[in-house]
Amino acid sequence: MGKAKKRSFHLGINDRITNLSREDAVLAAIDHLRHRNGRNEACNLITLFGLSAEELLEAGASYETVMSLQGIVQY
């Protein structure tokens, strides 16, 4: 499934976010990573936007958290 189709499908399920910028996606992913049950949603945002480890670290994610996402995050 392509990125645009996945975004459209995801927005149809959860109508809480209508327009998500890359910066907002980074902040939302970090927020989800801080919560115990939000890891799956964070992984979805990271893969959807192709977020890098550097972006997550600069936005405030801990080094240990980013290293635990080795298979998902681009280095």
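The structure presented is a predicted model; accordingly, all values stated were derived computationally and were not measured. (Residues numbered from 1 in each chain as written. Predicted model: local features only at pLDDT ≥ 70, side-chain atom pairs only at ≥ 80, totals over all residues. Heavy atoms only, no water.)

(A) Structural context of the packing of helix 2 (residues 22-34) against helix 3 (residues 39-49). Helix 3 packs onto helix 2 with a crossing angle of 155° between their chain directions and a minimal axis gap of 8 Å. Taken as axis vectors, helix 2 and helix 3 run roughly antiparallel relative to one another. You can see that helix 2 and helix 3 cross each other, and the crossing is left-handed. From helix 2, Arg22, Ala25, Ala28, Ala29, His32 and Leu33 reach across to helix 3, where they touch Arg39, Glu41, Ala42, Leu45, Ile46 and Phe49. Here the contact of helix 2 with helix 3 is composed, by residue class, of 8 nonpolar, 1 polar and 3 charged. (Axes fitted to C-alpha atoms, helices over the stretch in contact; angles between N-to-C directions. Helix = DSSP H or I, 4+ residues; strand = E, 2+ residues; numbered from the N terminus. Parallel < 35°, antiparallel > 145°, perpendicular 65-115°, else oblique. Left-handed = near helix turned anticlockwise from the far one by under 90°. Contact = heavy atoms within 4.5 Å. Nonpolar A, V, L, I, M, F, W, Y, C, P; charged D, E, K, R; others polar.)

(B) Region of the structure containing helix 2. End to end, helix 2 covers 19 Å across 13 residues, agreeing with the expected 18 Å (1.5 Å per residue, within 8%). Buried within helix 2 are the following residues: Ala25, Val26, Ala28, Ala29, Ile30 and Leu33. (Expected span 1.5 Å × (residues − 1). Buried < 20%, exposed > 50% of the residue type's maximum accessible area, 1.4 Å probe, protein only.)

(C) Seen up close, the nonpolar core. Core analysis: the biggest nonpolar cluster contains 19 residues, and Ala29, Ile46, Phe49, Leu51, Leu56, Leu69 and Val73 have the highest contact counts within it. Taken together, the elements giving at least two residues each to this core come down to helix 2, helix 3 and helix 4 (53-59). Setting aside anything within four residues of it in sequence, one finds leucine 56 in contact with Val26, Ala29, Ile30, Ile46, Leu51, Ala61, Val66 and Val73. (Core = buried A, V, L, I, M, F, W, Y, C linked by side-chain atoms within 4.5 Å.)

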